[in-house]
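For reference, the chains in residue letters:
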Amino acid sequence: MLPPKSDFSEWYHEIIQQAQIMDIRYPVKGLYVWFPFGFKLRNLIYGKLRDVMDREHDEVYFPALIPETELGKEGEHIKGFEDEVYWITHGGLDELDVKLALRPTSETAMYPMFRLWIRSHADLPLKVYQIVNVFRYETKHTRPLIRLREITSFKEAHTAHRSYEEAEENVRKAVDAYKDFFDSLAVPYFIIKRPEWDKFPGADYTIAFDTVMPDGKTLQIGTVHHLADNFARTFDIKYETPAGDHAFVHQTCYGISERCVASVISIHGDDLGLILPFHLAPHQAVVIPILYKGREKEVLDLSNEVFFRLREMGVRTILDDSDERPGAKYYRWELFGVPLRIEIGPREAESGEVVISFRDERMKRKIPADEITEEKVVEWAEEMQERLRRRAIDSMLEKVKFFESADEMEEWMGRGIALFHLCNSLKCGEKIEETVRAGVLGEIIEMPEEIKVERAGKCIVCGSNGKLNAMAKSY
Ligand code: P5A
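Now for a quick tour of the structure. Within each chain, residues carry numbers counting from 1 in the order of the written sequence. Thresholds applied to this predicted model are a pLDDT of at least 70 for local features of residues and 80 or more for the giving and counting of side-chain atom pairs; totals over whole chains, interfaces and linings are not thresholded and use all residues. Only heavy atoms go into the side-chain values, all of them from the structure, while hydrogens and water stay out.

In this scheme Phe, Tyr and Trp rings, the latter by its six-membered ring, pair at centre separations within 6.5 Å, and the angle between planes marks the pair as stacked below 30 degrees, edge-to-face above 60, and tilted otherwise. Within this structure, the stated rule accounts for 23 aromatic pairs. Relative to F235, the ring of F231 has its centre 6.5 Å away and its plane inclined at 10°; by these criteria the two rings are stacked. With F231 and F235 both in helix α7 (residues 230–235) and 4 residues apart, this pair spans about one turn of that helix. Throughout this description, buried means an accessible area under 20% of the type-specific maximum (1.4 Å probe, protein chains only), exposed means over 50%, and partly exposed covers the range between. Relative accessible area serves as the criterion here: at 4%, F235 is assigned to the buried category. Secondary structure elements are defined from DSSP: runs of H or I of at least 4 residues count as helices, runs of E of at least 2 residues count as strands, and each element is numbered from the N terminus.

All right, on to the sheet that holds strand β6 (residues 94–102) then. Spatially, β4-β6-β5 is the arrangement adopted by the 3 strands of the open sheet, whose pairing is antiparallel. Looking at strand neighbours, the two that pair on one side only are β4 (65–67) and β5 (87–91), the edges of this open sheet. In this sheet, neighbouring strand axes are inclined to one another by 45° on average, regardless of whether the strands run parallel or antiparallel. By definition, two strands form a pair when at least two bridges between them are found by DSSP. Bridge analysis of β5 against β6 gives 4 bridges, and the strand direction is antiparallel. Where helices are involved, their axes are fitted lines through C-alpha atoms of the stretch in contact, as for all axes, and angles between N-to-C directions lie from 0 to 180°.

A few words now on the site of the ligand. The full set close to the ligand counts 22 residues, and E107, E138, Q220, T223 and S257 are the nearest of them. Contact between the ligand and I146: a nitrogen atom at 3.4 Å from a main-chain N or O atom of the residue. Whenever a nitrogen or oxygen atom comes within 3.5 Å of another N or O atom, the pair is scored as a polar contact, on the condition that within protein one atom can donate a hydrogen and the other can accept it, and that pairs from neighbouring residues in sequence are kept only if both atoms are in side chains. Between the ligand and T223, the relevant distance is 2.7 Å, taken from an oxygen atom to a side-chain nitrogen or oxygen of the residue. Contact with the protein chains removes 96% of the 600 Å² of surface that the ligand exposes when unbound. Broken down by secondary-structure element, the contributors of at least two residues to the shell around the ligand are β8 (150–161), β11 (218–228) and β14 (250–256). If you tally residues by element for the shell around the ligand, the top one is β11, at 5 residues. Side-chain classes are defined by residue name, with Ala, Val, Leu, Ile, Met, Phe, Trp, Tyr, Cys and Pro counting as nonpolar, Asp, Glu, Lys and Arg as charged, and the others, Gly among them, as polar. For the shell around the ligand, the class distribution of residues is 8 nonpolar, 8 polar and 6 charged. Here a residue is considered near a molecule or strand provided that any single heavy atom belonging to it is located within 4 Å of it. For the accessible areas, the method is Shrake-Rupley and the probe is 1.4 Å, while residue cover comes only from the protein chains on display.

Angle between the axes and distance between the axes: these two values describe a pair of packed helices. One can describe the packing of helix α2 (residues 36–54) onto helix α6 (residues 164–184) by two numbers: an axis separation of 10 Å at closest approach and a directional angle of 155°. Classed by the angle they form, the pair α2 and α6 counts as roughly antiparallel. Pair α2 / α6 crosses with right-handed handedness. Residues I45, K48, L49 and V52 of α2 form the contact with α6, whose participating residues are A177, D180, F181 and S184. Among the residues making up the contact of α2 with α6, the classes are represented as 5 nonpolar, 1 polar and 2 charged. Roughly parallel refers to an angle under 35 degrees, roughly antiparallel to one over 145, roughly perpendicular to one between 65 and 115, and oblique to any angle outside these ranges. Crossing handedness: left-handed means the near helix sits turned counterclockwise from the far one by under a right angle, and right-handed means the same turn made clockwise. For this analysis, residues touch if any pair of their heavy atoms sits within 4.5 Å.

Patch definition: residues above 30% relative accessible area lacking any salt bridge, with like charges linked at up to 9 Å and the nonpolar side chains Val, Leu, Ile, Met, Phe, Trp and Tyr linked at up to 5 Å. For this document, the term salt bridge refers to a Lys or Arg side-chain nitrogen within 4 Å of an Asp or Glu carboxyl oxygen. A surface patch of nonpolar side chains, about 240 Å² in accessible area, is lined by Y26, V28 and V33. Relative to the assigned elements, Y26 resides in the loop between β1 (22–23) and β2 (33–34).

See the structure below:
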C-alpha cells in the first residue's frame with residue numbers, strides 16, 4: 001500500500017521503490033540504482049527527448065574527466081561550481097600532476113574542442129548534444145530523480161553561432177523544443193527568465209522551465225542559457241567571417257535531467273500508483289482473464305487472441321494469466337500505471353466481448369472484442385493524453401495565486417507558486433526574498449493560458465513599473 005498522495009513526500013519516497021523505479025539502498029548518498037522497470041520508463045521518456053533533439057542536433061560523446069586547468073578557466077563558471085565538484089587526485093598510487101574533475105556539466109570539456117572544430121563561418125551553427133552522467137556534490141537534501149549527486153541522464157545540448165542574435169534565435173528554438181517535449185509528457189510548466197542573481201554560472205541569461213509539484217513546491221525541470229561570447233573569449237573560439245575577419249562565436253547550452261521522469265511520476269500519479277501517458281508506459285495494456293473452474297478454455301482463448309492482436313499492433317501488452325486473484329492483479333498493474341486494462345470472463349468470452357478500463361478513470365466499459373483496432377487504440381491514447389493534460393493543469397491552477405501585497409505571501413509559500421509584479425531590480429528582489437523567505441523564480445515569459453493575470457503592474461516592493469514575476473519554495 002502507498003501512503004496517500006496528499007502526504008506527497010512519503011508518497012514519492014514509497015512509489016519510487018514500490019513501482020520499481022529506483023532502488024534507494026545503494027550505499028552512497030545521492031546515488032541510486034535504476035530498476036529494470038524504471039529504466040524502461042526512463043528510456044521511453046528519453047526516446048521522446050532524443051526525437052526532439054535529433055531534429056536539429058548531432059549526438060556526440062565527450063569524456064567524463066575534465067582537467068582542473070580547463071574547468072577553472074572561466075571565472076564565473078568555476079565560482080558557481082567549485083563547491084560541487086568531485087575531484088580525482090590519484091591514478092592508483094600515483095598523485096596526478098593535474099587534478100581531474102568528474103564533469104558537473106560539460107562546457108569546459110567541450111569548448112576547448114570547439115576551438116579546434118570551428119574554423120570558418122561555414123562551420124556554424126554547430127549544434128550538438130549528449131546524454132551522459134554528471135556529478136554534483138549537492139549539499140541540499142538529496143532525493144531520487146530530483147536532487148542527485150550522480151545525475152545519470154543529463155541531456156546537455158551545446159551550440160555555437162555567428163552572432164548574439166543568432167544565438168538568441170536558437171534560445172527560442174530550444175525553448176520550443178522543450179515545450180514539445182514537456183507537452184508530450186502532459187506536464188504543465190511556467191517558462192521563467194531567472195533573475196540576474198540566479199542565472200547559470202557563466203551565462204548571459206537563463207530561461208527555466210518550472211513545474212509545480214503536488215505539495216506546492218516548484219521543480220526546475222529544464223534550463224536554456226544564452227552564453228553570449230563569455231566562454232568563447234575564455235576558450236578562444238573564433239571563426240573567420242565571410243569578409244575574412246576573425247570573430248568570437250556566441251553560444252547557448254540547455255539541459256534536462258531525470259527530473260523529467262520525476263515530474264511525470266509526481267504530476268500524474270495517484271493514491272494507487274503511477275499513471276502514465278499511453279506512449280510512455282512500459283506496459284501499455286494488460287489482458288486479465290477471469291478464470292472460473294470448467295470455463296477456462298473459452299476465456300483463455302479469447303484472452304490470447306486479444307493479447308496477440310494488441311502485440312501485433314505494436315502495443316506493449318501483457319497477458320496476466322497467473323493464479324492470483326483478479327483483485328491482486330488489478331492492484332499490481334494499477335501501481336505500475338498500465339493505461340489500458342482488458343478483463344475477460346466467461347460471460348464476455350461467450351458473447352465475444354471484453355471489459356475495458358483506463359488507469360485514470362474509475363469506469364468500466366463493455367465492448368465487442370473486434371472493436372479493439374489500431375485506430376481505436378490510437379484514439380484512446382489521445383483521449384487519455386488530453387484527460388491527463390487537463391487534470392494536470394487543473395491541479396496546478398489550485399497552486400497558483402496572485403498577490404498585490406507581500407503580507408500573505410509567506411504563508412502561501414510551500415503551498416504553491418505566488419505571482420506578483422516586480423521591477424526586477426536587485427534591491428526589490430532581495431527585499432521580497434527577505435520578507436517572504438523564499439526565492440524569486442524570475443519574470444514569467446509563458447504560462448498556461450488558463451491563468452489570467454496582468455503581465456505588467458506596480459512593483460510589489462517599490463511601486464514603480466513592474467513585470468509579472470513568480471516566487472515559490474523550490475526543490
Ligand atoms: C545546460 C546544459 C546546465 O548545467 N550546462 C549544460 C547547463 N544547466 S543546469 O541548470 O545547471 O542543469 C540543467 C538541468 O538539470 C537539472 N539538474 C538536476 N537534476 C537532478 N539532480 C541534480 N542535482 C540537478 N542539478 C540540475 C535541472 O532540471 C536543471 O535545469
